[in-house]
Amino acid sequence: MAKSRRSSTVSWYATKRWQDAINKVSLNLKGRRRSSSTHRGSLISDSDDTQDGPRQPPVNYENTYKIKPDLRFPTKKAEDIIRDVFSSNLDNKPYNPDSGKYLSSQMSDLIRTQVKQELGLQNRYKIVVLVTMGTLQGQGIRCASRCLWYPQFDRFASYSYKNESIFAVGTVYGVYFE
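Reference entry: report on the structure contained in this document. All values reported here derive from a predicted model rather than from experimental measurement. (Residues numbered from 1 in each chain as written. Predicted model: local features only at pLDDT ≥ 70, side-chain atom pairs only at ≥ 80, totals over all residues. Heavy atoms only, no water.)

Moving on to the side chain of Asp154. Mapped onto the elements of the fold, Asp154 is located in the loop between β3 (125-135) and β4 (155-162). Arg155 provides the closest opposite charge to the buried, unpaired Asp154, separated from it by 7.5 Å. Among the polar contacts listed, one links the side chain of Asp154 to the backbone nitrogen of Tyr150, at a separation of 2.8 Å. (Helix = DSSP H or I, 4+ residues; strand = E, 2+ residues; numbered from the N terminus. Buried < 20%, exposed > 50% of the residue type's maximum accessible area, 1.4 Å probe, protein only. Lys, Arg positive; Asp, Glu negative; His and termini not counted. Salt bridge = Lys/Arg side-chain N within 4 Å of Asp/Glu carboxyl O. Polar contact = N/O pair within 3.5 Å; in protein donor to acceptor, adjacent residues only side chain to side chain.)

Dropping the structure here:
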């Protein structure tokens, strides 16, 4: 008889403690937005939910459904940019294999930024620039590439440069991003 009374007292006490813990959590979360994620029945609040003040509604961007570009990719201007960059960086310079990698990546970045400036801010072209550079010792080289693109809008521009000791081939791809 004493055993059943003791077990009911323990279960009542455990239930009371559990309800007190739930009430404390709900009081602590009263002023905050409650997160929908739960862990073993208790609510977990996000750390950024403690900010006070008015909340701004999220900005929703609409699709433009723009299929055709406003302007075509300027292939002639891109060729001029490649020519200017090659002539300013490679004229009267001998080939140096140690600095060749750095120089080709620097010229590639310079060509990309100048072509993007030429297109302006409202363009939807993705620009890919390839610069191949090497020593000129009477050998032949072929540079080839493959692209999957839409020929009505996507374009490329290429320019080959050569001096006494260096050859360089620069290619700029302008791929329209719908």
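What follows concerns the sheet that holds β4. Reading across from one edge, β3-β5-β4 is the order of the three strands in this open sheet, with antiparallel pairing throughout. Of all the strands in the sheet, the pair left with one neighbour each is β3 and β4. Within the sheet, the average angular offset between the axes of one strand and its neighbour, ignoring direction, is 10°. Summarising the sheet, β4 and strand β5 (residues 166-176) pair through eight bridges and their orientation is antiparallel. The partner of Tyr161 across the bridge, within β5, is Ala168. (Pairing = 2+ DSSP bridges. Axes fitted to C-alpha atoms, helices over the stretch in contact; angles between N-to-C directions.)

On to the packing of aromatic side chains. Tallied over the entire structure, the rule returns nine aromatic pairs. Over the aromatic face of Phe177 sits the side chain of Lys126, whose NZ or CZ is 4.7 Å from the ring centroid. (Phe/Tyr/Trp six-rings, centres within 6.5 Å; stacked < 30°, edge-to-face > 60°. Lys NZ or Arg CZ within 6 Å of the ring centre and 35° of its normal.)

Residue placement: Asn163 occurs in the loop between β4 and β5. Overall, Asn163 belongs to the buried group, its relative accessible area being 11%. In this structure, the C-alpha to C-alpha distance between Asn163 and Leu136, residues 27 residues apart in sequence, is 8.1 Å. Once residues within four sequence positions are removed from consideration, Asn163 is found in contact with Leu90, Asn92, Lys93 and Leu136. One polar contact links the side chain of Asn163 to the main-chain amide nitrogen of Ser165, over a distance of 3.0 Å. Polar side-chain contacts of Asn163 include one of 2.7 Å to the backbone nitrogen of Ile166. (Contact = heavy atoms within 4.5 Å.)

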